[in-house]
Amino acid sequence: WEVIIMHSLTRAALWLALVVCVHAIDNGVGWDSPPMGWRSWNQFQCAINQSLIEVQYEAMVNPHRRVGHDGTTTLLALGYKSAGIDDCWQECNSGPGGKGFHNAAGYPQVDTSRFPDMKAMTSKAKSLGIRPGWYGNNCHCSDQTCCDEKCFKGDVQATLDYGFQSIKLDGCGCVKNITLYAKLFNATGVSVMLENCHNGNPTYPVESDGVVDCPMNFFRSSTDIRPTFGSILINLESVPTYNGNHLTGHGCWAYPDMLEVGVTNSQRPGLGTLTFAEARTHFGAWCLVSAPLVIGMDLTDTDKLAEVWPILANEEAISVNQAYVGDAGTVVASSKDRVKMENCSWFSSMGCEHPTWMVLAKTVSLSPRRVAVLLMNNADVKADVSVSALSLGIRCAAGEGCPVTDVWNHAPGKPVTVTVSASAIPSRDSAFYIITEA
């Protein structure tokens, strides 16, 4: 194989990452680690209502066995603390002149046949310890008529009135200014987490003279995702532009969209969804690049949840995602050879090409120095994948080498001396290690 080394996580590079100044939104949430939760779109799209959302809340606090440990836990206890409704809560064509969904004062109108009591719904979430969220600047029947500041203020006021604690702001309507939203929310004194889904001004964090402007807690780095492996890789490959250039960190996380783990809605008739191996690699990659972990499946589908529970509830993997010591993680090596995949786009059946293998890495501790590594086999056949320890900034003493934790198998791995490697990784599967420098 020809190898492309894209980035080296040396001590010097890590130090540079630590001194870049990121001006994230000052709203008291989403600072220490990437957000975790659930959102309705991937599985349900527009087929949502209050009852459906409330049973998802309940499922987040149902006990299940711990993975690799004794006892039981819940999604909430694992860190999945928020739950958000996506598009299609609004009353279409309810605005002045039968257009849009804001009234003349700029206040958004709810479809009460679907959501008869938003305040009661969010109160239920809070009673369970869940932070409820919703969605603005909607794409379904997008509002192109309510565009001035009163409409921004109406969205902010409705968020507070209904008791939501987070909001995803899309880019389909005409209220496109995340900086103004951030200013208005902060002026209320209420902590509301902001997700920038291509809302604009800025769409992504921007750097000037060593200072990064990021008026949101996390931002969509990619196009929309779908449950195919090609789509997963397209979205993953959007992250290094930001993580690799020190544009992310505390309170400003790159987000390649919601998780497709466990999602059974293929979005295209006759097509399948992710295999277990693909879903595991998908989850591991999101952990390695500090992406918000937002589940998109039906949590009341007990059979499917049991199937993917070893992925979603892997505490070692989650700990990698949540750790931040100045390195958000990125692609550090990949093959020059490419593999072709089908049905890669959310919008069409177009194909795509990706490296046959990739290596992702993230420093998760400085003392002792610990580096998480994901070796991904994207090919259609089994393959060996390896990367040198030095390229990861790891120096291992001769003899015993560096201790390794095998994250997928919850067991010690083979100590590393010169090379981090895995043999015969199945197609579209991965090996996930945490290496401690010694």
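Bear in mind the structure is a predicted one, so any value in this text is a computation, not a measurement.

Calculation rules
Residues numbered from 1 in each chain as written. Predicted model: local features only at pLDDT ≥ 70, side-chain atom pairs only at ≥ 80, totals over all residues. Heavy atoms only, no water. Pairing = 2+ DSSP bridges. Helix = DSSP H or I, 4+ residues; strand = E, 2+ residues; numbered from the N terminus. Axes fitted to C-alpha atoms, helices over the stretch in contact; angles between N-to-C directions. Contact = heavy atoms within 4.5 Å. Phe/Tyr/Trp six-rings, centres within 6.5 Å; stacked < 30°, edge-to-face > 60°. Buried < 20%, exposed > 50% of the residue type's maximum accessible area, 1.4 Å probe, protein only. Arc of directions from axis to C-beta. 1 Å grid on protein atoms, 1.4 Å probe; cavity = no way out; pocket = protein on both sides within 12 Å on 5 of 7 lines; lining within 4 Å. Points joined across faces, edges and corners; volume = space filled by probe spheres on them. Nonpolar A, V, L, I, M, F, W, Y, C, P; charged D, E, K, R; others polar. Disulfide = S-S within 2.5 Å.

Caption draft 1: Seen up close, the sheet that holds strand β13 (residues 253-255). The strand order across the open sheet formed by 8 strands is β13-β12-β9-β8-β7-β6-β3-β14, and the pairing between neighbours is parallel. Unpaired on one side and paired on the other, β13 and β14 (293-295) mark the two borders of the sheet. For this sheet, the mean angle separating the axes of adjacent strands, direction not counted, is 25°. Strands in contact with helix α7 (residues 178-188) are β8 (166-169) and β9 (193-196); relative to β9, the strand with the most contacts, it is inclined by about 175°.

Caption draft 2: Spatial organisation of the packing of aromatic side chains. Taken as a whole, this structure holds 12 aromatic pairs when the rule is applied. When the centroid spacing of 4.7 Å and the interplanar angle of 10° are considered together, the rings of Trp134 and Phe164 count as stacked. Here Phe164 lies in the loop between α6 (149-162) and β8 and Trp134 lies in strand β7 (residues 131-136), a separation of 30 residues in the sequence. On the basis of relative accessible area, Trp134 is assigned to the buried category, the value being 2%. Since its relative accessible area comes to 2%, Phe164 is described here as buried. On the basis of an interplanar angle of 85° and a centroid distance of 5.1 Å, the ring pair of Trp408 and Phe432 is categorised as edge-to-face. Placement of the pair is Trp408 in the loop between β21 (402-406) and β22 (411-416) and Phe432 in strand β24 (residues 430-436), with a sequence separation of 24 residues. The same class applies to Trp408 as to Phe432, namely buried.

Caption draft 3: Highlighting helix α11 (residues 302-312). Where α11 is concerned, the buried positions are Lys304, Leu305, Val308, Trp309, Ile311 and Leu312. One side of α11 carries all its buried residues, which in axial view fall inside an arc of 150°. When the buried face of α11 is taken as reference, the exposed residues oriented beyond 90 degrees from it are Asp303 and Ala306. Buried positions along α11 lie against β4 (64-65), β5 (72-73), α4 (75-78), α10 (276-288), β14 and α12 (315-322).

Caption draft 4: Expanded view of empty space enclosed by the protein. Considering all chains together, one arrives at 4 cavities of 30 Å³ or more under this definition. By volume, the largest cavity is sized at about 150 Å³. When contributions to the lining of the largest cavity are tallied by element, the ones reaching two or more residues are β3 (36-39), β6 (82-84), β8 and β9. Of the volumes computed, that of the second largest cavity is approximately 50 Å³. Lining of the second largest cavity is provided by Glu260, Val261, Gly262, Val263, Thr273, Leu274, Thr275, Phe276, Ala279, Lys304, Glu307 and Val308. Within the residue set of the lining of the second largest cavity, elements represented by two or more residues are α10 and α11. Classifying every residue of the lining of the second largest cavity gives 6 nonpolar, 3 polar and 3 charged.

Caption draft 5: Spatial organisation of the state of the cysteines. Inspection of the entire model under this criterion finds 8 disulfides. Between Cys139 and Cys172 runs a disulfide, and the two sulfur atoms are separated by 1.8 Å. Linking Cys139 and Cys172, the disulfide has an S-S dihedral of approximately 65° and is accordingly described as right-handed. In this pair, Cys139 is assigned in the loop between β7 and α6 and Cys172 in the loop between β8 and α7, connecting sequence segments 33 residues apart. Owing to a relative accessible area of 28%, Cys172 belongs among the partly exposed residues under this scheme. Linked covalently through their sulfurs, Cys146 and Cys151 form a disulfide whose S-S length is 1.9 Å. Since a negative S-S torsion denotes a left-handed disulfide, the Cys146-Cys151 link at about -95° is left-handed.

Caption draft 6: Region of the structure containing the pairing of β21. Residues of β21 alternate between two faces, with Cys402, Val404 and Asp406 buried on one and Pro403 and Thr405 left unburied on the opposite face. Note that β21 and β22 share 4 bridges and pair antiparallel. Among the inter-strand pairings, Val404 is bridged to a residue of β22, identified as Gly413. With antiparallel pairing between neighbouring strands as the criterion, β21 and β22 make up a hairpin whose turn holds 4 residues, including His410 at a positive phi of roughly 55°. In terms of strand pairing, β21 meets β24 through 3 bridges, oriented antiparallel. Paired with Thr405 across the strands is Ile434, a residue of β24.

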